[in-house]
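Given next are the chains, with one letter for each unit.
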Amino acid sequence: MWQSGAMDSAHVDSDLVNILFTEEQIQAKLQEMAHTIAADYEGKDLLMVGVLRGAVMVMADLARSLPCHLEMDWMAVSSYGSGTKSSGVVRILKDLDTDISGRHVLIVDEIIDTGLTLSWLVNNLSSRKPASVEIATLLRKPEALAMPIEPKYVGWDIPNEFVVGYGLDFKERYRNLRDIGTLAPHVYS
Ligand code: 5GP
Ligand code: MG
């Protein structure tokens, strides 16, 4: 039954088999990442680029953990693939509103799986002559390690499991969950 207030794992716990990271753990990790990012970008003009739609929560909380001036912009991309695997063929659905030439760009994402989407994005943004392009991601899966991309800021490395919550969806649901977890098999069928 729906209850008022924030959606936490208790509201959908029959759908989750395992909670990987709680809201508290996620916020602590983002604080830690923000601390490093703030030091690295000291005196620089930071432009954070969020990848819609999954990165909305990470962007909101990471940006608010940073004690410096920054700008936020967004891109939406779709990668064509067979089923759940992306192919590396990427189409821009929404481009940046900002001219990034000469800017220090930090791409913010929630998860790197194969890394195909982000590797395409880094190439695309690099061709626009920014001062720098780096990646911050909350989660990274093992396959991404085989890609020639090196996110400078990684929250956690996780096993090759499908996770939801905190921006991550299954059929557009569960994005508003405050924790991150894995779904029970009955949800898929
Ligand atoms: P890739 O790194 O394979 O190019 O694609 C990354 C994108 O695939 C993510 O931004 C996310 O939308 C989706 N994705 C990959 N792994 C997961 C997962 O475990 N759960 C969810 N909900 N989405 C995932
Ligand atoms: Mg994403």
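Predicted, not measured: the structure shown is a model, and the values here were computed from it. All chains use their own residue numbering, which begins from 1 and follows the written sequence. Key to labels: chains lettered from A, ligands numbered from 1, both in the order written. In keeping with the predicted nature of the model, local features appear solely for residues at pLDDT of at least 70, side-chain atom pairs appear and are counted solely at 80 or more, and the whole-chain, interface and lining totals rest on all residues. The side-chain numbers reported here are obtained from all heavy atoms of the structure, hydrogens and water having been left aside.

Participant: Quick one: what's the story with the overall build of the chain, residue by residue and with numbers?
Facilitator: A run of H or I in DSSP becomes a helix once it reaches four residues, and a run of E becomes a strand once it reaches two; helices and strands are each numbered from the N terminus. Of regular secondary structure, the chain possesses four helices and nine strands. The helix and strand sequence of the chain, counted from the amino end, reads β-α-β-α-β-β-β-α-β-β-β-β-α. Type-normalised accessible area, obtained with a 1.4 Å probe on protein chains alone, sets the label of each residue: buried when under 20%, exposed when over 50%, and partly exposed for intermediate values. In the chain, which comprises 189 residues, the proportion classed as buried is 47%. The contact criterion used is simple: two residues touch if any of their non-hydrogen atoms lie within 4.5 Å. Nonlocal contacts in the chain, meaning residues at least 24 apart in sequence, comprise 65% of its contacts between residues at least 6 apart. Taken as a whole, the chain presents about 9800 Å² of accessible surface, with 51% of it coming from carbon and sulfur. Here, Shrake-Rupley sampling with a 1.4 Å probe gives the accessible areas, and only protein chains in the shown set may cover a residue.

Participant: I'd like a description of the environment of Val164, backed by residues and values.
Facilitator: Tracing the backbone shows Val164 in strand E8 (residues 163–164). Given the relative accessible area of 0%, Val164 is considered buried. In sequence terms Val164 and Ile180 are 16 residues apart; their C-alpha atoms lie 5.6 Å from each other. Contacts of Val164, omitting those with residues within four sequence positions, involve Leu16, Asp169, Phe170, Tyr174, Leu177, Asp179, Ile180, Gly181 and Leu183.

Participant: So what about the nonpolar core? Which residues, and what values?
Facilitator: Residues Ile37, Leu62, Leu138 and Leu139 are the most contacted members of the largest nonpolar core, which totals 28 residues. Mapped onto this core, the elements with two or more residues apiece are helix H1 (23–40), strand E2 (46–52), helix H2 (56–65), strand E5 (104–112), strand E6 (132–140) and strand E7 (153–157). For this core, the element with the most residues is H1, which contributes six residues. Look past the residues within four positions of Leu62 in its chain and what remains in contact with it is Leu30, Met33, Ala34, Ile37, Met48, Val108 and Ala136. Within the second largest apolar cluster, 19 residues are counted, among which are Val51, Val122, Leu125 and Ile149. Working definition of a nonpolar core: buried Ala, Val, Leu, Ile, Met, Phe, Trp, Tyr and Cys residues. They are joined through side-chain atoms within 4.5 Å.

Participant: Mind laying out the side chain of Asp109, listing which residues take part and the relevant values?
Facilitator: Among the secondary structure elements, Asp109 is positioned in strand E5. In this structure Asp109 is buried but unpaired, with Arg175 as the nearest side chain of opposite charge at 8.9 Å. Sequence-distant contacts of Asp109, that is, excluding residues within four places in its chain, are made with Val51, Ala55, Val58, Leu118, Ala136, Thr137 and Leu138. Charge counting follows a simple rule: Lys and Arg are positive, Asp and Glu are negative, and His as well as the terminal groups are ignored. Take a side-chain nitrogen of Lys or Arg and a carboxyl oxygen of Asp or Glu: if they are within 4 Å of each other, that pair is a salt bridge.

Participant: Could you give me a rundown of the coordination of the magnesium ion (ligand 2), with the residues and numbers involved?
Facilitator: Atoms are scored as donors when they are N, O or S and lie within 2.8 Å of the metal, with 3.2 Å used for Na, K and Ca; no water is included, so coordination may look incomplete. At the metal site, the magnesium ion (ligand 2) is ligated by Asp109 (OD), Glu110 (OE) and Glu110 (OE), and these contacts range over 2.3 to 2.8 Å. The two residues Asp109 and Glu110 agree in class, both being buried.

Participant: I'd like a rundown of the pattern of salt bridges, residues and numbers included.
Facilitator: For the structure on display, the rule yields 13 salt bridges. Here Glu71 makes a salt bridge to Arg103, at a shortest N to O gap of 3.2 Å. Taken together, the residues Glu71 in strand E3 (residues 70–80) and Arg103 in the loop between strand E4 (89–94) and E5 connect sequence positions 32 residues apart. Under the relative-accessibility criterion, Glu71 is labelled partly exposed at 36%.

Participant: Tell me about the site of ligand 1, residues and numbers included.
Facilitator: Nearness of a residue to a molecule or strand requires only that one of the residue's heavy atoms be within 4 Å of it. Taken together, 15 residues sit near ligand 1, with Thr114, Thr117, Lys141, Val163 and Asp169 positioned nearest. Within the backbone of Leu116, an N or O atom sits 3.4 Å from an oxygen atom of ligand 1. In the environment of ligand 1, a nitrogen atom lies 2.7 Å from a nitrogen or oxygen atom belonging to the backbone of Val163. For ligand 1, the protein covers 82% of the area, taking 510 Å² as the surface of the free molecule. Those elements giving two or more residues to the shell around ligand 1 turn out to be E5 and helix H3 (116–126). Here the shell around ligand 1 takes three residues from E5, the largest share from any one element. Looking at the shell around ligand 1 residue by residue, the classes come out as six nonpolar, four polar and five charged. Identification of polar contacts relies on pairs of N or O atoms within 3.5 Å, with a donor-acceptor requirement for protein atoms, meaning one able to donate a hydrogen and the other able to accept it, and with residues adjacent in sequence counted only if both atoms are side-chain atoms. Under the convention adopted here, Pro, Cys and the residues Ala, Val, Leu, Ile, Met, Phe, Trp and Tyr are nonpolar, Asp, Glu, Lys and Arg are charged, and Gly plus all remaining residues are polar.

Participant: Can you lay out the pairing of E2 for me, pointing to particular residues and giving the numbers?
Facilitator: The buried fraction of E2 is high, at six of seven residues. Only when DSSP finds a minimum of two bridges between them are two strands counted as paired. Where E2 lies against E5, five bridges are found, and the strand directions are parallel. In the strand pairing of E5, Gly50 is matched with Val108.

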